[in-house]
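Residues per chain are reported as follows:
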Amino acid sequence: MLIFWSFLLLFTLGCNSPALCLDPALPTTTNRGEADPFTFPERQSTVLPDPSSFFSPNLISSPLPTNSFFQNLVIEDGDQHEYIHPYIIKSANSTLSISYPSIFSNTSFTQQIFTPDINISVFNNPNPNQTHVVSSFSDLSITLDLQPGLRFFLVRGSPYLTCQIWQSVPLSISTIHKIRTFVPNTSKTKYKINLDNGQTWILYSSSPISLTREKSTISSQNFRGVIRIALLPNADSKLESVLDRFSSCYPLSGHAGFSESFTVQYKWKKRGSGDLLMLANPLHLRLLDDSSIKVVDDFKYKSIDGELVGVVGSSWVLKSKPVSVTWHSIKGVEKESYPQIIDALVQDVKGLDSSNMSTNSSYFYGKLVARAARLALIAEEVDHVDVIPKVKKYLKDTIEPWLDGTFDGNRFWYDRSWGGLITNQGSKHRAADFGFGIYNDHHFHIGYYLYGIAVLAKIDPVWGRKYRPQAYALMEDFMTLDKDQDSMYTRLRCFDLWKLHSWASGLTEFENGRNQESTSEAVNAYYSAALMGLAYGDTHLVALGSLLTAMEIHAAQTWWHVKEDDTLYDADFTRENRVVGILWAIKRDSVLWFAPAEFKEIRLGIQVLPLLPITEILFSDLEYAKQLVDWALPSMKREGVGEGWKGFVYALEGLYEKETALKNIRSLTGHDDGNSLSNMLWWIFSR
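Residues numbered from 1 in each chain as written. Predicted model: local features only at pLDDT ≥ 70, side-chain atom pairs only at ≥ 80, totals over all residues. Heavy atoms only, no water.

### Focus: the overall build of the protein chain
Broken down by element type, the protein chain carries 18 helices and 28 strands. By the compact-globule yardstick of 26 Å for 687 residues, the protein chain fits well, its C-alpha radius of gyration being 26 Å. A principal-axis box enclosing the C-alpha atoms of the protein chain has dimensions of 85 × 50 × 45 Å. Looking at the protein chain residue by residue over its 687 residues, the buried ones come to 65%. Accessible surface, the protein chain as shown: approximately 24,400 Å² in total, 50% of it carbon and sulfur. (Helix = DSSP H or I, 4+ residues; strand = E, 2+ residues; numbered from the N terminus. Rg over C-alpha atoms; globule rule 2.2 N^0.38 Å. Buried < 20%, exposed > 50% of the residue type's maximum accessible area, 1.4 Å probe, protein only. Areas by Shrake-Rupley, 256 points an atom, 1.4 Å probe, with all protein chains shown as cover.)

Written out as structure tokens, the structure is:
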């Protein structure tokens, strides 16, 4: 079968240019106001890796991704695999290996297994030990160059792996399996490869290519052009015609844009003829506006994230229902409960003492700041403003040293090598501040400070104007949309625009890719940024923060929240787990970084804290909330269960069993360091 290709061998232009589809609804930069931009002082880290090993020289001068889907490819030796849906890829020894992963699952975890099903390299490469180079990257893709002469367009969600051979070189295509059959078409532009593991792969080429097989290796004469390799789903010959039909159009890169509120638009830059075939994950399918695309329902690939379904179209629109970002409770607090809340509020505010902070950790300190800010908003809501001046003083005394750089125990610095903030402790020790210095958990930590800043700017606008530049510099570390070379920070540092949720892990190599534990702290980060936008009258920041809040909630409900009747994960894992502990790119774990799987109350709590108005939307499914509480309650009979973790279980219980939850909350002898009795009572009485 002759396949017509539009055969263009020009090098791809870099994909890290300004976003293509941003209009005034969400511009590339937020509204700083009239104040001059602020930059935290620079400091050179002693623990960060050198990015110049893997990025092309033209990229090094700009901020670089630190929490990306391809992070393993640009740290350490760059030879750890990554998941680009539906394939796991690995680059080592001038060879790109492709795996269509199997899934192993038990009651403790479910995981995709990497097996190098197909390996692509230059035959008899004279220098096989050269490292790959990232020549460009975008929101949805990365371009990887292997010497001599191979360029891979690794676009997430493409059923084909596309390689441009821009030098005339012989190719080697090998496998660890046995090749059962190897059948070309008459024009030698398509080869069907059947392996002894039951897989069928199809290779397409832009012009005739002569391939010969010897055992488990296929080789070619010198070739210059484009090849595409795709797994035939389930080795189903009925789907072969789908791959044939769309094989001539290939994506070079993919960008996410924000043209309307609560909307994300994907646009792929493409070459070749015909329409573009991509794959959508389950969350995409829920959000897709199908007016401009066609879903190919029967064309599916398996994935740990759920079935990936074919979608035809080079531009998608994903729409979320609006999420309400409010200072106070959504439904209001019962007035009859005001005295009870005020009694607790007076005591909690009385205990605020900025001269006796219990920590210099950027994380735990931030939680204390946000805890106090909650007290001010609760005071507003229950009409007891007398306590607000003391809260305001506490917030000023605790926030200003971090913004001014005068806190003796720690501070923020700017790292120019990757383009982002690090802490003083984190600049010297990888594990300090939970790895903030190697770009772990930035949205978690900074989110707490933004919450405090937003509240303080609300109750003291004069202070807000004074510290607006510093506040924006802090926020932009993980909320920058701008992709200009002059930007100080990488684009949306933690947020994955294909999975539509954040990754917490930074510049550490992991076999299972990036990971995130607490979805609720991720939600808090974007929610707090939106609140900061409200405080400063910045509608663009409100829109961006609200959008990312909504998407993070959708993703949490899709992949972290495990309902009893869910079929997304294997039955054994689903039966034993109501919530994922750590979600990795290719693994779902029941354990936490700091607790075993059987500590179910902690697994619940880490997906709830901090307790905020937005928590009600995160856990809007009351049936699921009850399932989660019922699952966690038995573990609280264990000796030594922390009072703070009990509190979050009771908070969720309050969604459907208010009186019982209130009684349980009254029995607590303590609260999480970011929580308070005032906040717990506010929550219960606003149900």
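### Examining the pattern of salt bridges
One pass over the structure, following the stated rule, counts 28 salt bridges. Residue Asp145 pairs with Arg151 through a salt bridge whose shortest N-O separation is 2.8 Å. We note that Asp145, like Arg151, is buried. Between Arg588 and Asp305 there is a salt bridge; the shortest N-O distance is 2.1 Å. Placement of Arg588 in strand β28 (residues 587-589) and of Asp305 in the loop between β19 (294-301) and β20 (308-312) is noted, with a sequence separation of 283 residues between them. (Salt bridge = Lys/Arg side-chain N within 4 Å of Asp/Glu carboxyl O.)

### Looking at the packing of aromatic side chains
Working definition: an aromatic ring pair is given by the centre-to-centre distance plus the angle between the planes. Taken as a whole and judged by the stated rule, the model has 43 aromatic pairs. Judged by centre distance (6.2 Å) and plane angle (55 degrees), the ring pair of Trp645 and Phe648 falls under tilted. Separated by three residues within a single helix, Trp645 and Phe648 lie in helix α16 (residues 643-653), roughly one turn from each other. Comparing Trp645 with Phe648, the two get one shared label, buried. An aromatic cluster is built from Phe38, Phe40, Tyr365, Trp402, Phe407, Phe412, Phe436 and Tyr449, whose rings are joined through pairwise contacts. Above the ring of Phe69, the side-chain terminus of Arg156 is found at 4.2 Å from the ring centroid. (Phe/Tyr/Trp six-rings, centres within 6.5 Å; stacked < 30°, edge-to-face > 60°. Lys NZ or Arg CZ within 6 Å of the ring centre and 35° of its normal.)

### Brief notes about unusual backbone geometry
The omega torsion across Gln147 and Pro148 is 0 degrees, close enough to zero to call that bond cis. Of note, Pro148 is situated in the loop between β8 (141-146) and β9 (150-155). Phi at Phe262 is positive, roughly 55 degrees, even though this residue is not glycine. As for its placement among the helices and strands, Phe262 is situated in the loop between β16 (249-257) and β17 (263-272).

### Let's talk about the sheet that holds β28
Reading across the sheet, the five strands line up as β4-β5-β28-β27-β26 and stay open at both edges, with antiparallel pairing between neighbours. Two strands lie at the open edges of the sheet, namely β4 (102-105) and β26 (515-516), each paired on one side alone. With four bridges joining them, β4 and strand β5 (residues 109-113) adopt antiparallel strand pairing. Bridge assignment links Ser102 to a residue of β5, and that residue is Ile113. (Pairing = 2+ DSSP bridges.)

### Here's the deal with the sheet that holds β17
The strand order β16-β17-β21 describes an open sheet built from three strands, whose pairing is antiparallel. Here the strands that pair on one side only, and so sit at the sheet edges, are β16 and β21 (315-319). Along the sheet, successive strands turn relative to each other by an average axial angle of 20 degrees, direction set aside. Looking at chain direction, β17 and β21 are connected through five bridges and run antiparallel. Residue pairing across strands places Tyr266 opposite Trp316, the latter belonging to β21. (Axes fitted to C-alpha atoms, helices over the stretch in contact; angles between N-to-C directions.)

### Quick word on the pairing of β19
Sheet topology places β19 next to β20; five bridges connect them, and they run antiparallel. Each bridged residue has a counterpart across the sheet, and for Tyr301 the counterpart in β20 is Leu308.

### Points about the confidence of the model for the protein chain
Residues with a pLDDT of 70 or more make up 95% of the protein chain, whose mean pLDDT is 94. Within the model, pLDDT remains below 50 along residues 1-24, and this stretch shows 76 contacts once partners closer than five positions in the same chain are excluded. (pLDDT = per-residue confidence, 0-100. Contact = heavy atoms within 4.5 Å.)

### Some points on helix α10 (residues 519-536)
The first and last C-alpha atoms of α10 sit 26 Å apart over 18 residues, in line with the 26 Å expected at 1.5 Å per residue. With its phi angle positive at about 65 degrees, Gly537 sits one or two positions after the end of α10. (Expected span 1.5 Å × (residues − 1).)

### With respect to the nonpolar core
Among the nonpolar cores identified, the biggest contains 230 residues, and Phe152, Tyr266, Leu395, Ile453, Leu474 and Met532 are the most heavily contacted of them. Sorting elements by how many residues they give to this core places helix α5 (residues 362-381) first, with 12 residues. Each residue touching Leu395, except ones within four places of it in the same chain, is listed here: Val369, Ala372, Ala373, Glu400, Gly452, Val455 and Leu456. (Core = buried A, V, L, I, M, F, W, Y, C linked by side-chain atoms within 4.5 Å.)

### So, the environment of Pro159
You can see Pro159 is positioned in the loop between β9 and β10 (160-174). Residue classification places Pro159 among the buried positions, given a relative accessible area of 0%. C-alpha of Pro159 to C-alpha of Gly310: the two residues are 151 residues apart in sequence and 8.4 Å apart in space. Every residue in contact with Pro159, bar those within four places of it in the chain, is listed here: Pro86, Tyr87, Ile229, Ala230, Leu231, Leu277, Met278, Leu279, Phe299 and Tyr301.

### Some words on the side chain of Ser99
Among the structural elements, Ser99 can be located in strand β3 (residues 95-99). There is a polar contact of 2.9 Å between the side chain of Ser99 and the backbone oxygen of Thr115. Leaving out residues up to four positions away in the same chain, Ser99 has contacts with Pro86, Tyr87, Ile88, Ile113, Phe114, Thr115 and Asp117. (Polar contact = N/O pair within 3.5 Å; in protein donor to acceptor, adjacent residues only side chain to side chain.)

### Details of α16
For α16, a buried count of 11 out of 11 residues is recorded, marking the element as mostly surrounded by other parts of the structure. Of the surrounding elements, those touching the buried residues of α16 are α13 (600-605), α15 (622-632), α17 (658-666) and α18 (677-684).

### Here's the deal with the pairing of strand β7 (residues 133-138)
Burial analysis of β7 places five of its six residues in the buried class, the great majority of the element. Here five bridges tie β7 to β8, and the two strands are oriented antiparallel to one another. Paired with Val134 across the strands is Leu144, a residue of β8. What sits between β7 and β8 in their antiparallel hairpin is a turn of two residues.

### Looking at the packing of helix α4 (residues 338-350) against α5
Interhelical geometry of α4 versus α5 gives an angle of 145 degrees and a closest axis separation of 11 Å. Seen from above, α4 lies across α5 with left-handed handedness. In this structure, α4 contributes Tyr338, Ile341, Leu345, Asp348 and Val349 to the contact, and α5 contributes Arg371, Leu375, Ile378, Ala379 and Glu381. (Left-handed = near helix turned anticlockwise from the far one by under 90°.)

### Re the side chain of Ser135
Residue position: Ser135 is located in strand β7. One polar contact links Ser135 to Asp145, side chain to side chain, over a distance of 3.3 Å. Among all residues touching Ser135, those that are not within four sequence positions of it are Ser56, Asn58, Leu59, Thr143, Asp145 and Arg151.

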